[in-house]
Amino acid sequence: MKFFLDTADLDEIAEIASWGALAGVTTNPSLYAKIGGKLEDFQDHLKKICELVDGPVSGEVTGETRDEMVAEGRELAALADNMVVKIPMTVEGLAACRTLSDEGIDVNMTLVFSVAQALLAARAGARYISPFVGRFDDICENGVAQLEEVVAAIGNYDFGHEVEIIAASIRSANHVREAALMGADIATVPYSAMKKCVMHPLTTQGLEKFAADWAKVVNA
Ligand code: E4P
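Rules used throughout
- Residues numbered from 1 in each chain as written.
- Predicted model: local features only at pLDDT ≥ 70, side-chain atom pairs only at ≥ 80, totals over all residues.
- Heavy atoms only, no water.
- Phe/Tyr/Trp six-rings, centres within 6.5 Å; stacked < 30°, edge-to-face > 60°.
- Helix = DSSP H or I, 4+ residues; strand = E, 2+ residues; numbered from the N terminus.
- Buried < 20%, exposed > 50% of the residue type's maximum accessible area, 1.4 Å probe, protein only.
- Polar contact = N/O pair within 3.5 Å; in protein donor to acceptor, adjacent residues only side chain to side chain.
- Contact = heavy atoms within 4.5 Å.
- Expected span 1.5 Å × (residues − 1).
- Salt bridge = Lys/Arg side-chain N within 4 Å of Asp/Glu carboxyl O.
- Near = heavy atom within 4 Å.
- Areas by Shrake-Rupley, 256 points an atom, 1.4 Å probe, with all protein chains shown as cover.
- 1 Å grid on protein atoms, 1.4 Å probe; cavity = no way out; pocket = protein on both sides within 12 Å on 5 of 7 lines; lining within 4 Å.
- Sits in = over half its atoms within 2 Å of the grid points.
- Nonpolar A, V, L, I, M, F, W, Y, C, P; charged D, E, K, R; others polar.
- Patch = residues over 30% accessible without salt bridge, like charges linked within 9 Å, V, L, I, M, F, W, Y side chains within 5 Å.

Here's the deal with the packing of aromatic side chains
- Taken as a whole and judged by the stated rule, the model has five aromatic pairs.
- Taking the centre distance of 5.4 Å and the plane angle of 50° together, the rings of Phe113 and Phe132 count as tilted. Highlighted residues: Phe113 in the loop between β5 (107-112) and α6 (115-123) and Phe132 in the loop between β6 (128-131) and α7 (134-138), separated in sequence by 19 residues.
- Classification of Phe113 as partly exposed rests on a relative accessible area of 28%.
- Aromatic pair Phe113 and Phe136: ring centres 5.4 Å apart, planes at 75°, arrangement edge-to-face. With a gap of 23 residues between them, Phe113 in the loop between β5 and α6 and Phe136 in helix α7 connect regions that are remote in the sequence.
- By relative accessible area, which is 10% here, Phe136 ends up buried.
- Through a chain of ring-to-ring contacts, three or more aromatic side chains come together here, namely Phe113, Phe132 and Phe136.

Below, the structure is given as structure tokens:
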């Protein structure tokens, strides 16, 4: 499973990219608003992200009709070679996905919460499909089980083009573990959860012991 970072924050992206394990970035309107992004800077900001990351970067459209989404999607795709157009799972979104995919533009279908939605996205040409995990947990549903169904269903078919499942709305290292065990292609992980993925109490404890024992060697 590959790691994407779910953020629009350039410092977070630069830091996690420096770890050497980052394969892509996903953004959305909320994440751009969170960093205080301004409308007039949006495209330049996406370009900067695309320069920082060696891998696909999803930028989301905000139009509601297929024509608006297609026009925005074409503009976003022209920003950089690694730009992916993120489109919400609606009827208009499906139609826009088909048009953009036919033009060779990679689409990430977002806000996917069911097998039926995921299958429709794949059939409409989506290159990436983003089922959300944490938002199911937020409403006392089992987000991991929902993701597992999507991974299994998409794995049953050949769509005639590559389709990768991005486990989205990830909140913890345990979500990452579950997504990897079921064979999700990618997990897009927020900065805070990404940092937690590095940590393990036994690693910390082991390091402390090595340091203490090494001090004995140095001071002998
Ligand atoms: C997907 O690409 C979305 O950006 C994302 O994972 C949303 O997650 P949230 O539920 O934490 O907002």
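Now that the structure has been shown, the text picks up again.
So, the side chain of Thr188
- Looking at where Thr188 falls in the secondary structure, it is placed in strand β8 (residues 186-189).
- A distance of 2.5 Å separates a polar atom in the side chain of Thr188 from a polar atom in the side chain of Thr26.
- What Thr188 contacts, discounting residues up to four positions off in sequence, is Phe4, Leu5, Asp6, Thr26, Ile166, Ala167, Ala168 and Ile170.

What to know about helix α1 (residues 10-18)
- For α1, the N-terminal cap is Asp9; the gap from its side-chain oxygen to the backbone nitrogen of Asp11 is 2.9 Å.
- Looking one or two residues beyond α1, the residue adopting positive phi is Gly20, at roughly 90°.

Regarding helix α8 (residues 143-155)
- The terminal C-alpha atoms of α8, which comprises 13 residues, lie 18 Å apart, in line with the 18 Å expected from a rise of 1.5 Å per residue.
- For α8, the complete set of buried residues consists of Gly143, Val144, Leu147, Val150, Val151, Ala153 and Ile154.
- Against the buried residues of α8 lie α6, β6, α7, β7 (164-167) and α9 (173-182).
- Where α8 begins, the capping side chain belongs to Asn142, and its oxygen is found 3.2 Å from the backbone nitrogen of Val144.

A word on the pattern of salt bridges
- Taken as a whole and assessed by the stated rule, the structure comprises twelve salt bridges.
- Glu164 is the salt-bridge partner of Lys2, the closest N and O atoms lying 2.8 Å from each other. With Lys2 in strand β1 (residues 2-6) and Glu164 in strand β7, this pair connects stretches of sequence that are 162 residues apart.
- Taking relative accessible area as the criterion, Lys2 reaches 36% and is therefore assigned partly exposed.

Digging into the site of the ligand
- Neighbouring the ligand are Asp6, Thr26, Asn28, Lys86, Phe132, Arg135, Ala168, Ser169 and Arg171.
- Take Arg135: an N or O atom from its side chain is 2.7 Å from an oxygen atom of the ligand.
- Between an oxygen atom of the ligand and a side-chain N or O atom of Ser169, the distance comes to 2.7 Å.
- Here the ligand has 350 Å² of accessible area as a free molecule, and 86% of this is covered by the chains.
- In this structure, the ligand is accommodated by the largest pocket.
- Class assignment of the residues belonging to the shell around the ligand gives a composition of two nonpolar, three polar and four charged.

A word on a nonpolar patch on the surface
- Together, Trp19, Val198 and Met199 make up an exposed nonpolar region whose accessible area comes to about 330 Å².
- Structurally, Met199 is set in the loop between α10 (191-198) and α11 (201-219).
- Overall, Met199 belongs to the exposed group, its relative accessible area being 59%.

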